[in-house]
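Given next are the chains, with one letter for each unit.
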Amino acid sequence: MAAVFFRAFGGDFVPRWLLFVALVTSLYAGSLRADAPESAADTKTLVILGDSISAAYGLDEREGWVQLLRKRLADQSLAVNVVNASISGETSAGGLARLPRLLSEHSPDWLVVELGGNDGLRGYPPRALQNNLQQMVKLAREGGAEVLLLGMQMPPNYGKAYTKAFAAVYPKVAAAEQVPLIPFFLEPVALVEGAMQTDGIHPTAKAQAALLEHVWPCLETILKGNEDVRSDSLCTS
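Computed from a predicted model, the values in this text were never measured in an experiment.

Asker: Any chance you could break down the packing of helix 4 (residues 92-106) against helix 6 (residues 126-142) for me, citing the residues and the numbers?
Answerer: Look at helix 4 against helix 6: their axes get within 9 Å of each other, and the N-to-C directions meet at 10°. Classified by the interaxial angle, the pair formed by helix 4 and helix 6 is roughly parallel. Contacts between helix 4 and helix 6 pair Ser-92, Ala-93, Gly-95, Leu-96, Leu-99, Pro-100 and Leu-103 from the former with Leu-129, Asn-132, Gln-135, Met-136, Leu-139 and Ala-140 from the latter. Split by residue class, the contact of helix 4 with helix 6 holds nine nonpolar, four polar and no charged.

Next comes the structure, spelled out in C-alpha cells:
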C-alpha cells in the first residue's frame, strides 16, 4: 500500500502522517462501496394490474393495500419496485389490452392480476373472463414475468348459476396455467361489519391492512423465490 502512494507522488518522500491519512481515506471509501444500497440493476419489478380494489377507490392512495405493500417491502429491505397499474372500472379485457405496453415499459419480474370484479358486476360471460385471464398469464410469461392471480366472487343476488360459474373461473385458470391463486381476495373483509365503504363493494381504509395480510404469505414466497411459483396450489395448500 505504501509503495502505491509513493508512486502517486512521483517517488518523492511522503511524510508518514500523510500516508496514514490517505490509507484511512481509501479504506473508508471502500467501506462505503460495500455498504451502498443495491443498484437499480439489482432491483426487481412487480406490476399490479387491477381495478378499483387495488387503485384504492374512495381512499387516499397512500392508504391502499398496494402502498402498504411498498412499505412492507422497504421495511424488510426487499429491493422490489412496485408499479401500481390498477384503474378503477377496469375489466379483464381492458387489462389484457394494456398488458403488452406494461410489459414493454416495466419488464416486470412478477405480475399480480386482480381483475374480473367489473366483468362480474356487468354480467359478462365467465368464459370470456377465463380466456382473458389465460391470455394475460401467457403474455406475462412470454415477457419473463411470473404471475399471481387474485380471485373474486360475486354476491348471491347475481343468481346461483352465474355466481358459481364466475367463482369457478379462477381455479380453472390457475390449474390450466399452473399459476398461484388467492381464491377470494376480499375474503377477510367482505362480510366484516365496517370493512366496506357505503357502496358495499370497496374496502375501507381500515380494511386495507387485512387485504395485505391475506395476500402477503403467498406473495412473500413468490418474491423471495423460496419455492417453484408455477403451481396452482402454492397459495392454497
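After that view, the rundown keeps rolling.
Asker: How would you explain the side chain of Asn-118 if you had to name every residue and give the values?
Answerer: Tracing the backbone through its elements, the reader meets Asn-118 in helix 5 (residues 117-121). For Asn-118, a relative accessible area of 13% gives the class buried. Once residues lying within four places of it in the same chain are set aside, the contact partners of Asn-118 are Asp-51, Gly-89, Glu-90 and Thr-91.

Asker: So what about the pairing of strand 4 (residues 146-150)? Which residues, and what values?
Answerer: In terms of burial, strand 4 is largely enclosed, as five of its five residues are buried. On strand 4, burial covers both faces: Glu-146, Leu-148 and Leu-150 on one face and Val-147 and Leu-149 on the other are all buried. Bridging between strand 3 (residues 110-114) and strand 4 involves four bridges; their strand directions are parallel. Counterpart to Trp-110 in the pairing with strand 4 is Glu-146. The pairing of strand 4 with strand 5 (residues 181-182) spans two bridges and is parallel. Considered in strand 5, the bridge of Leu-149 is made with Leu-181.

Asker: Go over helix 3 (residues 65-75), please, and point to the residues and values.
Answerer: Restricting attention to buried positions, one finds in helix 3 the residues Trp-65, Val-66, Leu-69 and Leu-73. Axial view of helix 3: buried residues confined to an arc of 100°, hence all on one face. Facing away from the buried side of helix 3, by more than 90 degrees, are the exposed residues Lys-71, Ala-74 and Asp-75. Residues of helix 3 that are buried in the fold lie against strand 1 (44-50), strand 2 (80-84), strand 4 and helix 8 (208-224). Looking one or two places after helix 3, you find Ser-77, whose phi comes out positive at around 55°.

Asker: Residues and numbers for the packing of aromatic side chains, please.
Answerer: The tally for this structure, following the rule as stated, stands at four aromatic pairs. When the centroid spacing of 5.9 Å and the interplanar angle of 70° are considered together, the rings of Phe-166 and Tyr-170 count as edge-to-face. Of this pair, Phe-166 and Tyr-170 both sit in helix 7 (residues 160-177), four residues apart, which is roughly one turn of that helix. What makes Tyr-170 buried here is its relative accessible area of 0%. Directly above the ring of Trp-216 sits Arg-72, whose terminal nitrogen or CZ lies 5.4 Å from the centroid.

Asker: Explain the packing of helix 6 against helix 7 to me, using residue names and the numbers behind them.
Answerer: For the pair helix 6 and helix 7, interaxial distance at closest approach is 9 Å and the crossing angle is 25°. Taken together, the axis directions place helix 6 and helix 7 in an arrangement best described as roughly parallel. Where helix 6 crosses over helix 7, the two elements pack in a sense that is right-handed. Every residue of helix 7 that contacts helix 6 at Pro-126, Leu-129, Gln-130, Leu-133, Gln-134, Val-137, Lys-138 and Arg-141 is listed here: Tyr-162, Ala-165, Phe-166, Val-169, Tyr-170, Lys-172, Val-173, Ala-176 and Glu-177.

Asker: I'd like a description of the confidence of the model for the chain, backed by residues and values.
Answerer: Across the chain, the average pLDDT comes to 87, with 79% of residues at or above 70. Considering only residues more than four positions removed or in separate chains, one finds that residues 1-12, a stretch of pLDDT under 50, has 12 contacts. Scored below 50 in pLDDT, residues 23-37 shows two contacts in the model against residues more than four places distant or in partner chains.

Asker: Got a sec to walk through the sheet that holds strand 3? Specific residues and values, please.
Answerer: Read from one edge to the other, the open sheet built from five strands follows the order 2-1-3-4-5, with strand pairing classed as parallel. At either margin of the open sheet sits one strand with a lone partner, and together these are strand 2 and strand 5. Here five bridges tie strand 1 to strand 3, and the two strands are oriented parallel to one another. By the bridge assignment, Leu-49 is partnered in strand 3 with Val-113. The strands touched by helix 3 within the sheet are strand 1, strand 2 and strand 4, with strand 2 carrying the most contacts at an inclination of about 175°.

Cut-offs and rules
- Residues numbered from 1 in each chain as written.
- Predicted model: local features only at pLDDT ≥ 70, side-chain atom pairs only at ≥ 80, totals over all residues.
- Heavy atoms only, no water.
- Axes fitted to C-alpha atoms, helices over the stretch in contact; angles between N-to-C directions.
- Helix = DSSP H or I, 4+ residues; strand = E, 2+ residues; numbered from the N terminus.
- Parallel < 35°, antiparallel > 145°, perpendicular 65-115°, else oblique.
- Contact = heavy atoms within 4.5 Å.
- Nonpolar A, V, L, I, M, F, W, Y, C, P; charged D, E, K, R; others polar.
- Buried < 20%, exposed > 50% of the residue type's maximum accessible area, 1.4 Å probe, protein only.
- Pairing = 2+ DSSP bridges.
- Arc of directions from axis to C-beta.
- Phe/Tyr/Trp six-rings, centres within 6.5 Å; stacked < 30°, edge-to-face > 60°.
- Lys NZ or Arg CZ within 6 Å of the ring centre and 35° of its normal.
- Left-handed = near helix turned anticlockwise from the far one by under 90°.
- pLDDT = per-residue confidence, 0-100.

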